[in-house]
Amino acid sequence: MALLAEYRCKATPGRRVVEVYDADAYLGDEAALDVAELQVVAGNGYHLYLLSLQPDIEVEVAIRVWDIAPDPPAEAEGHVPVSIESETGVLVVKQLEYGPAGETTLPRPGVYEGHAWWENRQAMADYYATTLDHPTDDTFEDHLTQAWNNPPVTERYVLDLAYIREPEPVDDDDL
C-alpha cells in the first residue's frame, strides 16, 4: 500500500457536524445526517457527515488517498466503510456553522472507497463536559477559551480512501 496524497485540517464541529463533500455537491442530505447519528460517519455518495459528541472544540480531519485503502488501525475508537464520488476532484471540509475549513485536490476525479475511522471522540466529549463544570462567574468565558484552545487530546477523523473508478457521467437533462 502506497500513500498517494494526504490532507489535514482543523474544523470546529458546529452543531457537532463536520461535512466532507465534492466541491460541486452543494445540497446536504438529512437522511445521511440521521444515519451519522447512529454510526458516527455516513454519507450519500457525494457528502460524508462526521458527527462529534461536542460542538465547540476543533477536531482534526485527515483525508488520505492510497493505491489500496488500508484497514482501519486496531486501536481506532470506531470505523465504518465509506464511499464518495468527486466529479471535480476537489473535496471540501466544511464546518456546518462556520463554512469551509479547507479543501484538497484528489489525484483525479472519480469514486473513492475505503474507511472512515476516528479516535479520541469520547475522550474529547468527556473533556468538553468537564470544562463546562467551571463556576459561571466573570472568568467563565476565559476559562472556556483557554480549555478549548488547549485540549489534552485531539479528536481525529481519518478518511482512508482509494480510487475505484471514473465518476458517473453527468446527464445534461439534469442540469
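Rules behind the numbers
- Residues numbered from 1 in each chain as written.
- Predicted model: local features only at pLDDT ≥ 70, side-chain atom pairs only at ≥ 80, totals over all residues.
- Heavy atoms only, no water.
- Helix = DSSP H or I, 4+ residues; strand = E, 2+ residues; numbered from the N terminus.
- Buried < 20%, exposed > 50% of the residue type's maximum accessible area, 1.4 Å probe, protein only.
- Contact = heavy atoms within 4.5 Å.
- Lys, Arg positive; Asp, Glu negative; His and termini not counted.
- Charge placed at Lys NZ, Arg CZ, Asp CG, Glu CD.
- Arc of directions from axis to C-beta.
- Polar contact = N/O pair within 3.5 Å; in protein donor to acceptor, adjacent residues only side chain to side chain.
- Pairing = 2+ DSSP bridges.
- Axes fitted to C-alpha atoms, helices over the stretch in contact; angles between N-to-C directions.
- Phe/Tyr/Trp six-rings, centres within 6.5 Å; stacked < 30°, edge-to-face > 60°.
- Lys NZ or Arg CZ within 6 Å of the ring centre and 35° of its normal.

Q: Please clarify how the overall build of the chain should be interpreted in this entry.
A: Across its full length, the chain holds 3 helices and 10 strands. Along the chain, from the amino end to the carboxyl end, the secondary structure elements read β-β-α-β-β-β-β-β-β-β-α-α-β. Seen through its C-alpha atoms, the chain measures out along the principal axes to roughly 60 × 40 × 25 Å. Residue burial in the chain is summarised as follows: out of 175 residues, 46% are buried. Sequence separation of at least 24 residues holds for 80% of the intrachain contacts in the chain that already meet a minimum separation of 6. Placing the 10 positive and 35 negative side-chain charges of the chain at their respective mean positions leaves the two points 4 Å apart.

Q: Even after reading the chapter, I still don't get unusual backbone geometry, so can you show me in this structure?
A: In most cases, non-glycine residues show a negative phi, while peptide bonds are predominantly trans. One non-glycine residue with positive phi stands out, namely Arg15, at about 55°. Assignment of secondary structure puts Arg15 in the loop between β1 (3-11) and β2 (17-22). Take Arg15: its relative accessible area is 56%, and that puts it in the exposed class. With a phi close to 75°, Arg16 is a non-glycine residue in the positive phi region. Within the secondary structure layout, Arg16 lies in the loop between β1 and β2.

Q: What should I look at first to understand helix α1 (residues 30-39) in this one?
A: Because the α-helix completes a turn every 3.6 residues, residues three or four places apart line up on one side. Among all positions of α1, only Ala32, Leu33 and Ala36 are buried. The arc that holds the buried residues of α1, viewed along the axis, is 100°, so those residues lie on one side. Exposed positions of α1 whose direction lies more than 90 degrees from the buried face are Glu30, Ala31 and Leu38. Of the surrounding elements, those touching the buried residues of α1 are β2, β3 (41-43) and β4 (47-51). Looking at where α1 begins, the residue whose side-chain oxygen comes 2.9 Å from the main-chain nitrogen of Ala31 is Asp29.

Q: Just checking my understanding: could you explain the sheet that holds β2 for this structure?
A: Whether parallel or antiparallel, the strands of a sheet pair through hydrogen bonds between backbone atoms. Sheet architecture is open: 5 strands sit in the order β3-β4-β2-β7-β8, paired in antiparallel fashion. Of all strands in the sheet, those bounded by a partner on one side alone are β3 and β8 (99-105). Looking at each pair of strands side by side, their axes are set apart by 20° on average, direction ignored. Here β3 runs beside β4; their pairing, made up of 3 bridges, is antiparallel. Each bridged residue has a counterpart across the sheet, and for Ala42 the counterpart in β4 is Tyr49.

Q: Just checking my understanding: could you explain the packing of aromatic side chains for this structure?
A: When we look at a pair of aromatic rings, we describe it by the centre distance and by the angle of the planes. Summed over the entire model, instances satisfying the criterion amount to 2 aromatic pairs. With a centroid separation of 5.3 Å and 25° between ring planes, the pair formed by Tyr128 and Trp148 is classed as stacked. Separated by 20 residues along the polypeptide, Tyr128 in helix α2 (residues 121-131) and Trp148 in helix α3 (residues 140-149) bring together distant segments of the chain. It is Arg108 that lies over the ring of Tyr163; its NZ or CZ is 3.5 Å from the centre.

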